[in-house]
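Inside the fold
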Amino acid sequence: MPANTNPYGGVFGGWLMSQMALGAGALASRTGQGKAVVVSATDFAFPGAMRVGDELSVYCSVTATGNTSLTIEAEAIARDRNSEASTRVASGSFKFVLLGDDDRPRAVGEAALSANDSE
C-alpha cells in the first residue's frame, strides 16, 4: 500500500523484511513445534524493486540448527500485478531461538507443551 513506499515510490525495504520475518517465523514455529523468536537478521540484499500492487511470495528454508536455534534463509519474489513477470526483490537470513512455556530457551528437539499436554 502507499503507506509502505519509500520517497521514490518503491516498496520500503523495511516492509519487505517484516514480511520475510513473518514467513520465516511461521517456518521456525512449525519446525520447532512451539514459540520461536527472532534474535538476529543478517545478510540482506535487495537486488530488485517491488512496486505497489505487485504480488509478494516469500520462500523460506532451514539452513542450520543449533541447540536452541534455527537459522532460516528467506527469499522474496515479486510478481508484476498484470503479468507473469517476476523479480527477486530481497533475500536474507534470520536466526530464531525456540522458547518453552516459561519463555526460556529450549532444545530444538524438545516440543513445547501445551496446556492440554500437561494434564
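For the structure itself, look to the data block above.
Nothing here was measured: the structure is a model prediction, and the numbers come from that model.

With that settled, consider the sheet that holds strand S4 (residues 86–98). One open sheet accounts for four strands, arranged S1-S4-S3-S2; its pairing is antiparallel. Of all strands in the sheet, those bounded by a partner on one side alone are strand S1 (36–45) and strand S2 (55–65). The average angle at which neighbouring strand axes cross in this sheet is 25 degrees, direction not considered. Looking at chain direction, S2 and strand S3 (residues 69–79) are connected through 10 bridges and run antiparallel. Following the sheet pairing, Cys60 is matched in S3 by Ala74. In this fold helix H1 (residues 13–32) packs onto S1, S2, S3 and S4, with an angle of close to 50 degrees to the strand it touches most, S4.

Given two aromatic rings, one states the distance between the centres and the angle between the planes to describe the pair. Tallied over the entire structure, the rule returns three aromatic pairs. Centre to centre, the rings of Phe44 and Phe46 are 6.4 Å apart; their planes meet at 25 degrees, and the pair counts as stacked. Phe44 sits in the partly exposed class, given a relative accessible area of 22%. Here Phe44 and Phe94 contribute two aromatic rings whose centre-to-centre distance is 5.3 Å and whose plane-to-plane angle is 80 degrees, an arrangement assigned as edge-to-face. On the criterion of sequence distance, the pair formed by Phe44 in strand S1 and Phe94 in strand S4 is long-range, its members being 50 residues apart. Three or more aromatic residues joined by ring pairs make a cluster, and in this case those are Phe44, Phe46, Phe94 and Phe96.

A few words now on unusual backbone geometry. Residue Gln33 is not a glycine yet carries a positive backbone phi of 55 degrees. Relative to the helices and strands, Gln33 is located in the loop between H1 and S1. Phi at Asp43 is positive, roughly 55 degrees, even though this residue is not glycine. Exposure remark for Asp43: the relative accessible area of 63% places this residue in the exposed category.

What counts as what
Residues numbered from 1 in each chain as written. Predicted model: local features only at pLDDT ≥ 70, side-chain atom pairs only at ≥ 80, totals over all residues. Heavy atoms only, no water. Pairing = 2+ DSSP bridges. Helix = DSSP H or I, 4+ residues; strand = E, 2+ residues; numbered from the N terminus. Axes fitted to C-alpha atoms, helices over the stretch in contact; angles between N-to-C directions. Contact = heavy atoms within 4.5 Å. Phe/Tyr/Trp six-rings, centres within 6.5 Å; stacked < 30°, edge-to-face > 60°. Buried < 20%, exposed > 50% of the residue type's maximum accessible area, 1.4 Å probe, protein only.

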